Amino acid sequence: MTKPTARDLEALMDLFEKSDWKELDLRTEGFELYLSKDPTRRRSHGPAASPAPVLSAPAAVFGTPAAAPTARAPVAAAAAAIPANWIAVKAPNLGTFYRAPKPGAAPYVEIGQTVAADTEVCLIEVMKLFTSVRAGVAGVVRQLAVQDAEMVEHDQVLLYIEPV
Amino acid sequence: MKRLLIANRGEIALRIVRAARALGIESVLAASAADRESLAAKEADRTVILGPAKASLSYLDPRLVVHAAKATGCDALHPGYGFLSERTSLVTLCEENGIAFVGPTPTSMEQVGGKIAARELAHGAGVPLVSGSGALANAEEALAFAKTVGFPVVTKASAGGGGRGMVVARTAEELKEGFERASHEAKEAFGDGTLFLERFVQTARHIEVQVMGDGNGKVLHFGERDCSAQRRYQKMVEEAPGAILPADVRTRLHESAVRLLSSIKYRNAGTVEFLYDVERQEFYFIEVNARIQVEHPVSEAICGVDLIQMQLKVAGGEPLALEQKDIQRRGHAIEVRVIAEDPDRNFAPSPGRIRRWQAPTGDGVRLDTAMHEGAMVPPYYDSMIAKLIVHGADRAQAVQRLQGALRDFTIEGIATNVPLLRYIAAHPDFIENRISTRWLEQVLLPSYAQRSAN
């Protein structure tokens, strides 16, 4: 098995979230993943695991943080450190991610900036057609998950907002 | 060609991934969120998710598809069949962005895309069309026309279709009497009683010719297919060759298809469809399909070629290495379409999880599918889940192999048409090749329903 990409992890977490399973413990060569719907639970056997995630928000425990995304899945590797209450803003479709309305202009938002639900946070471009993406929730921008001018796929996390 | 974007799903996407791999071309699959876990996604070198499951927000958006091709560094795009495969705007977008489209030029696509334009093209290339009259003032004019083309004829309303104003006449008396009735009916339905007349094809077969063009005027054909077993214009069984054709008619048919598409220097794979009048032994042009078709494997089977690989080579600028004399047709091939629909419930779609999937194997048996045990048939798209193709030394052996392969095919978890396909393969009309385009709906399905009720 090749190392899973961050997209694989998202798919796994999605599957887990929608299932009625309580726990998922996956171990393959060079990679381990433990998911639980009980925030108090810890992996009961094997190597010590990091705190278990709560699945109301994107979070995962990476047995091997080295399972960083390749160029194929440019989601920030730091996803492991995402607190449970942060909300992910996701791409509505495949396209190119832009932080600013035009080259050289100031970005729509910076880390630490307070946003309203209807604040524009970035652009997704498809063949010169630009669509703005809104925060969707009032809060503080905590992390960008994509580099400027990078291709993103449908449902890929663009940035995280901590609700207020 | 170094890297190919595949803008499709299901068995054809998988088939293109494998054809690309065989030629040393990298593949990028552009899929919807519903197909993230598909076999094609697993086998492609890379998969990108265009958008949500809904086709209009993913597979049917030309801009998304071309953006994906550019962003992933693809130099070519294969549209498969269905979805965007015959959308001129996609071809144009590809051209503007330096991406080789695996298919015809936008000009060709337009030339053959519209029914009227295509008919004019066919006429110009000397390809036979169903004889039709202009608007007729009265029954006397209709009679005069009928005498020139011969009975039976059918009246049609100039102002609309849907069966209104249509009367089939086999004699002069029937036409005289029927004309007034049809005209009245047309006037009632459309406010205009104007009629025209067409030759009526009593017993028709759907026959089509597979071609491949190099874009410079060289057009090869790969023989014909008989796709007469249809339900609501959806093909269910396809064969090659069309075994009922007399040799001289077959030759003229091939020549017509090649003449038509070389007249526009057609590029890549295409199919010319004809209606074949069994009684008169005449064929008439219907339309051109400017794409690879679902049923291409039966032509591959009898010609011993890989049409998808050939498509990729042509799109990559390679010349057509073959000559017509190199294409020898051998034996008989039959394809059946396995669909996730329940023939006992008026073909209601039956998406869901495949619990058991036991596919047939054996001599001359090929299965094109992206399904497997545990796979999900999503509810959003066409319900075809597999194509079973058998090849034999002659039609009788092909039919036997079809019967055996269908017997060995087990699918559980969802309803499919496999029981119906078994019934077709065992039916005397099918075994003796006595079917027409109306046979499946008028003879086979009522008989199948009867059997189910017992």
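Everything quoted here is computed from the prediction, not taken from an experiment. (Residues numbered from 1 in each chain as written. Chains lettered and ligands numbered in written order. Predicted model: local features only at pLDDT ≥ 70, side-chain atom pairs only at ≥ 80, totals over all residues. Heavy atoms only, no water.)

## Notes on the domain arrangement of chain B
If you check the domain split of chain B, you get domain 1 (3-102), domain 2 (132-199) and domain 3 (204-451). Computed over C-alpha atoms, the centres of domain 2 of chain B and domain 3 of chain B are 35 Å apart. (Domains from an automatic or database assignment.)

## Notes on the UniProt feature "domain: Biotin carboxylation" (unreviewed entry) in chain B
UniProt feature "domain: Biotin carboxylation" (unreviewed entry): in the numbering of this structure it lies at residues 1-445 of chain B. With 34% helix and 27% strand, the stretch residues 1-445 of chain B has end C-alpha atoms that lie 47 Å from each other. (UniProt positions renumbered as here; feature names shortened; annotations may be inferred. Helix = DSSP H or I, 4+ residues; strand = E, 2+ residues; numbered from the N terminus.)

## Some words on helix α3 (residues 62-71) of chain B
Buried residues dominate α3(B), accounting for seven of its ten residues. Every buried residue belonging to α3(B) is among B:P62, B:L64, B:V65, B:V66, B:H67, B:A68 and B:A69, and all of these are buried. Packing partners of the buried residues in α3(B) comprise β5 (95-98) and β7 (120-126) of chain A together with β1 (3-6), β3 (46-51), β4 (76-78) and α4 (88-96) of chain B. Where α3(B) begins, the side chain of B:D61 points an oxygen toward the backbone nitrogen of B:R63, at a separation of 3.0 Å. Looking one or two residues past α3(B), B:G73 carries a phi angle of roughly 75 degrees, positive in sign. (Buried < 20%, exposed > 50% of the residue type's maximum accessible area, 1.4 Å probe, protein only. Contact = heavy atoms within 4.5 Å. Polar contact = N/O pair within 3.5 Å; in protein donor to acceptor, adjacent residues only side chain to side chain.)

## As for the packing of α4(B) against helix α5 (residues 106-113) of chain B
Residue and element names in this part refer to chain B. The contact between α4 and α5 brings their axes to 9 Å, and the two run at 170 degrees. What the angle tells us is that α4 and α5 run roughly antiparallel. Two secondary-structure elements touch here, α4 through T88, V91, T92 and E95 and α5 through P106, M109 and E110. (Axes fitted to C-alpha atoms, helices over the stretch in contact; angles between N-to-C directions. Parallel < 35°, antiparallel > 145°, perpendicular 65-115°, else oblique.)

## What about the packing of aromatic side chains?
Within the structure shown, the criterion is met by ten aromatic pairs over all chains. Aromatic side chains A:Y98 and A:F130 sit 6.1 Å apart centroid to centroid with 45 degrees between the ring planes, which places their arrangement in the tilted category. Of this pair, A:Y98 sits in strand β5 while A:F130 is found in strand β8 (residues 129-134), placing the two residues 32 residues apart along the sequence. The interplanar angle of 80 degrees and the centroid separation of 6.3 Å between the aromatic rings of B:F83 and B:Y381 together place this pair among those described as edge-to-face. You can see B:F83 sitting in the loop between β4 and α4 and its partner B:Y381 sitting in the loop between β20 (376-377) and β21 (384-392), a full 298 residues away along the chain. (Phe/Tyr/Trp six-rings, centres within 6.5 Å; stacked < 30°, edge-to-face > 60°.)

## Digging into the interface of chain A and chain B
Frequently, the measure chosen for interface size is the accessible area removed from exposure when the parts meet. Contacts between the two partners involve 17 residues from chain A and, on the opposite side, 21 residues from chain B. For the chain A and chain B pair, buried surface summed over both sides reaches about 1,500 Å², with 60% attributable to carbon and sulfur atoms. The largest per-residue losses of area from chain A upon contact with chain B belong to A:L94, A:M127 and A:H154, which jointly make up 43% of the total buried on that side. Along the contact surface separating chain A from chain B lie zero salt bridges. Scanning the region where chain A abuts chain B turns up seven residue pairs in polar contact (both at pLDDT 80 or more). (Buried area = accessible area lost by both parts, 1.4 Å probe. Salt bridge = Lys/Arg side-chain N within 4 Å of Asp/Glu carboxyl O.)

## Describing the pattern of salt bridges
Residue and element names in this part refer to chain B. The full count for this structure, using the stated rule, is 30 salt bridges over all chains. When the shortest N-O distance is used, the salt bridge between E198 and K156 registers 3.0 Å. Pair noted here: E198 is in strand β8 (residues 195-199) and K156 is in strand β6 (residues 153-157), with a separation of 42 residues, a long-range link. Looking at E198, the relative accessible area reads 17%, which means it is buried.

## Focus on the UniProt feature "domain: Lipoyl-binding" (unreviewed entry) in chain A
In the numbering used here, UniProt assigns the feature "domain: Lipoyl-binding" (unreviewed entry) to residues 86-162 of chain A. Strand forms 48% of residues 86-162 of chain A and helix 0%; the C-alpha atoms that close the span are 4 Å apart.

## A word on the sheet that holds strand β10 (residues 151-152) of chain A
Pairing is antiparallel in the open sheet, where four strands are placed in the order β8-β7-β5-β10 (chain A). Only two strands of the sheet have a single neighbouring strand rather than two, namely β8 and β10 of chain A. Sheet topology note: the β5(A)/β7(A) ladder contains three bridges and is antiparallel. What sits directly across from A:F97, in β7(A), is A:I124. Here α3(B) sits on the sheet and contacts β5, β7, β8 and β10 of chain A; the angle it forms with β7(A), its principal contact strand, is near 90 degrees. (Pairing = 2+ DSSP bridges.)

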